[in-house]
Amino acid sequence: MKFLITAIMSAFVFVSAPALAGGHGGGKMDDKKVDCTKKENESKAECMKK
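Residues numbered from 1 in each chain as written. Predicted model: local features only at pLDDT ≥ 70, side-chain atom pairs only at ≥ 80, totals over all residues. Heavy atoms only, no water.

### Considerations on the overall build of the chain
Regarding its fold elements, the chain presents two helices and zero strands. Counting over 50 residues, the chain shows a buried share of 6%. Summed over all atoms, the accessible surface of the chain reaches about 5000 Å², with 66% contributed by carbon and sulfur. (Helix = DSSP H or I, 4+ residues; strand = E, 2+ residues; numbered from the N terminus. Buried < 20%, exposed > 50% of the residue type's maximum accessible area, 1.4 Å probe, protein only. Areas by Shrake-Rupley, 256 points an atom, 1.4 Å probe, with all protein chains shown as cover.)

### Quick notes on a nonpolar patch on the surface
Together, Met1, Leu4, Ile5, Ile8 and Met9 line one region of the surface with nonpolar side chains, adding up to about 560 Å² of accessible area. Take Leu4: its relative accessible area is 48%, and that puts it in the partly exposed class. (Patch = residues over 30% accessible without salt bridge, like charges linked within 9 Å, V, L, I, M, F, W, Y side chains within 5 Å. Salt bridge = Lys/Arg side-chain N within 4 Å of Asp/Glu carboxyl O.)

### Side note on the environment of Glu46
Note that Glu46 resides in helix α2 (residues 45-48). Taking the C-alpha atoms as reference points, Glu46 and Val34, separated by 12 residues in sequence, lie 7.0 Å from one another. Leave out the neighbours within four places in its chain, and Glu46 touches Val34 and Cys36. (Contact = heavy atoms within 4.5 Å.)

The values are spatial; any link to function lies outside them.
Now the structure itself:
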């Protein structure tokens, strides 16, 4: 019985680990927002509104 519970828990951790690492690794990038404080983004349409 302990082996079955351990196997199920191990499988759950193995499956969820990439999602946790992706969410916490470098932060999620939001493609819709542009950082207008950076020089390379000055020519983008979102930053031209100012």
